[in-house]
Amino acid sequence: MTTQAFFFKINLNKFGEMKLQAERENRTLINSIVAFVVVLLVLIGGMYYVNMTLGKKLDNRIAYYNDLNKQLSQYQTSEDYLSSADLERLATTFDNRIFWAKKMVALAEVISDRLAVSKLNFNQGVLTLNGITEIQPNINEMNMIGEFINRIKSNEELVNDFPDVKMGSVTKRLVKDTEIMDFVIECYSKEKGGKK
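Colleague: What should I look at first to understand the side chain of Asn 155 in this one?
Modeller: Of note, Asn 155 is situated in the loop between helix 4 (141-154) and helix 5 (156-161). The exposure class of Asn 155 is buried, given its relative accessible area of 13%. Within the structure, Asn 155 has its side chain in polar contact with the backbone nitrogen of Glu 157 (distance 3.0 Å). Those residues in contact with Asn 155 that lie beyond four places of it in its chain are Ala 106, Glu 109 and Val 110.

So this is what it looks like as structure tokens:
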């Protein structure tokens, strides 16, 4: 008679596996906590930086606002009287202004049909007129530019604010088979030292 042998497999390491799994879970928990703390610290640092930046901007705005209020208080006048400083500021404002619309109309009146002003520039009391004219036979372009300067000098509207008118540079160039003369005229204001 034969007997059958039965085999049983017993896992004696069950406690070891449970211990390893518990250690893995603890490690995952610790890593998660560390990551959360790092992210939280970065967010707190970012909020602190934004708060400091906004605080500086707010301080700058307050200082700017206070400066504007101080400047405005200098320009405010009493209801009872005008001080001499107020009158001087008012006179300076009226004396130094230039009515450009009237100047442009006067300039249009003195420009002839044989020349054109291609660019106007007003900087530090000097009105610069850049102009062009076509070079033609039997016409002296320098005389034409001189006549233009004389018309500017004789126009009362222009000469009131720009009493000194001078010719600047003159150059010739060729544009598509046409000879062109470029010229510059400088008109000096009274503040720039123009003589009446």
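There is more to say after this.
Colleague: Please explain helix 4 as it appears in this structure.
Modeller: Structural remark: α-helix, 3.6 residues per turn; residues separated by three or four positions point the same way. Its 14 residues place the ends of helix 4 20 Å apart at the C-alpha level, agreeing with the 20 Å of an ideal helix rising 1.5 Å per residue. Among all positions in helix 4, only Glu 141, Met 144, Ile 145, Phe 148, Ile 149 and Ile 152 are buried. The buried residues of helix 4 occupy an angular sector of 140° when projected down its axis, which confines them to one face. Where helix 4 is buried, its residues touch helix 3 (100-110), strand 1 (115-123), strand 2 (126-134), helix 5, strand 3 (164-175) and strand 4 (178-188). Between the side-chain oxygen at the start of helix 4 and the backbone nitrogen of Met 142 there is a gap of 3.1 Å, and the oxygen is on Asn 140.

Colleague: What exactly am I supposed to notice about the confidence of the model for the protein chain here?
Modeller: Low-pLDDT stretches of the model should not have their predicted coordinates read in fine detail. Of the residues in the protein chain, 83% reach a pLDDT of 70 or more, and the chain-wide mean stands at 81. Per-element mean pLDDT across the protein chain ranges from 71 in helix 2 (residues 84-95) up to 88 in helix 1 (residues 14-75).

Colleague: Looking at this structure, how should I read the sheet that holds strand 3?
Modeller: Sheet strands line up and pair through hydrogen bonds in the backbone, either parallel or antiparallel. Read across the open sheet, the four strands follow the order 1-2-4-3; overall the sheet is antiparallel. Because the sheet does not close on itself, it has two edges, and the strands there are strand 1 and strand 3. Shown here is a sheet whose adjacent strand axes are inclined to one another by a mean of 20°, direction ignored. Of the strand pairs in this sheet, strand 1 and strand 2 are connected by eight bridges, and their pairing is antiparallel. Note that in strand 2 the partner of Val 117 across the bridge is Gly 131. The strands touched by helix 4 within the sheet are strand 1, strand 2, strand 3 and strand 4, with strand 4 carrying the most contacts at an inclination of about 30°.

Colleague: Just checking my understanding: could you explain the nonpolar core for this structure?
Modeller: Nonpolar side chains in soluble globular proteins tend to end up buried together. In terms of nonpolar packing, the biggest core is built from 19 residues, with Leu 129, Phe 148, Ile 152, Ile 185 and Cys 187 touching the most fellow members. Breaking this core down by element, the ones donating at least two residues are helix 3, strand 2, helix 4 and strand 4. At five residues, the largest contribution of residues to this core is made by helix 4. Look past the residues within four positions of Ile 185 in its chain and what remains in contact with it is Leu 127, Thr 128, Leu 129, Ile 145, Phe 148, Ile 149, Ile 152, Val 165, Lys 166 and Gly 168.

Colleague: Would you take a moment to explain the side chain of Thr 133 for this structure?
Modeller: Mapped onto the fold, Thr 133 is located in strand 2. Not counting residues up to four positions away in its chain, the partners in contact with Thr 133 are Arg 114, Leu 115, Glu 141, Met 144, Glu 179, Ile 180, Met 181 and Phe 183.

Colleague: When you look at the packing of aromatic side chains in this model, what are you seeing that I'm missing?
Modeller: Both the distance between ring centres and the angle between the ring planes are used here to describe each pair of aromatic rings. A complete count under the given rule lists two aromatic pairs for this structure. Plain terms: the ring middles of Phe 122 and Phe 162 are 6.1 Å apart, the flat faces sit at 75° to each other, and that makes the pair edge-to-face. In this pair, Phe 122 sits in strand 1 while Phe 162 sits in the loop between helix 5 and strand 3, placing the two residues 40 residues apart along the sequence. Given a relative accessible area of 38%, Phe 122 falls into the partly exposed group. Taking 6.5 Å as the distance between ring centres and 75° as the angle between the ring planes, the aromatic pair formed by Phe 148 and Phe 183 counts as edge-to-face. Taken together, the positions of Phe 148 in helix 4 and Phe 183 in strand 4 put the pair 35 residues apart, joining distant regions of the chain. Note that Lys 166 overlies the ring of Tyr 188, its terminal NZ or CZ placed 5.3 Å from the centroid.

Here is what the cut-offs are and how they apply
Residues numbered from 1 in each chain as written. Predicted model: local features only at pLDDT ≥ 70, side-chain atom pairs only at ≥ 80, totals over all residues. Heavy atoms only, no water. Helix = DSSP H or I, 4+ residues; strand = E, 2+ residues; numbered from the N terminus. Buried < 20%, exposed > 50% of the residue type's maximum accessible area, 1.4 Å probe, protein only. Polar contact = N/O pair within 3.5 Å; in protein donor to acceptor, adjacent residues only side chain to side chain. Contact = heavy atoms within 4.5 Å. Expected span 1.5 Å × (residues − 1). Arc of directions from axis to C-beta. pLDDT = per-residue confidence, 0-100. Pairing = 2+ DSSP bridges. Axes fitted to C-alpha atoms, helices over the stretch in contact; angles between N-to-C directions. Core = buried A, V, L, I, M, F, W, Y, C linked by side-chain atoms within 4.5 Å. Phe/Tyr/Trp six-rings, centres within 6.5 Å; stacked < 30°, edge-to-face > 60°. Lys NZ or Arg CZ within 6 Å of the ring centre and 35° of its normal.

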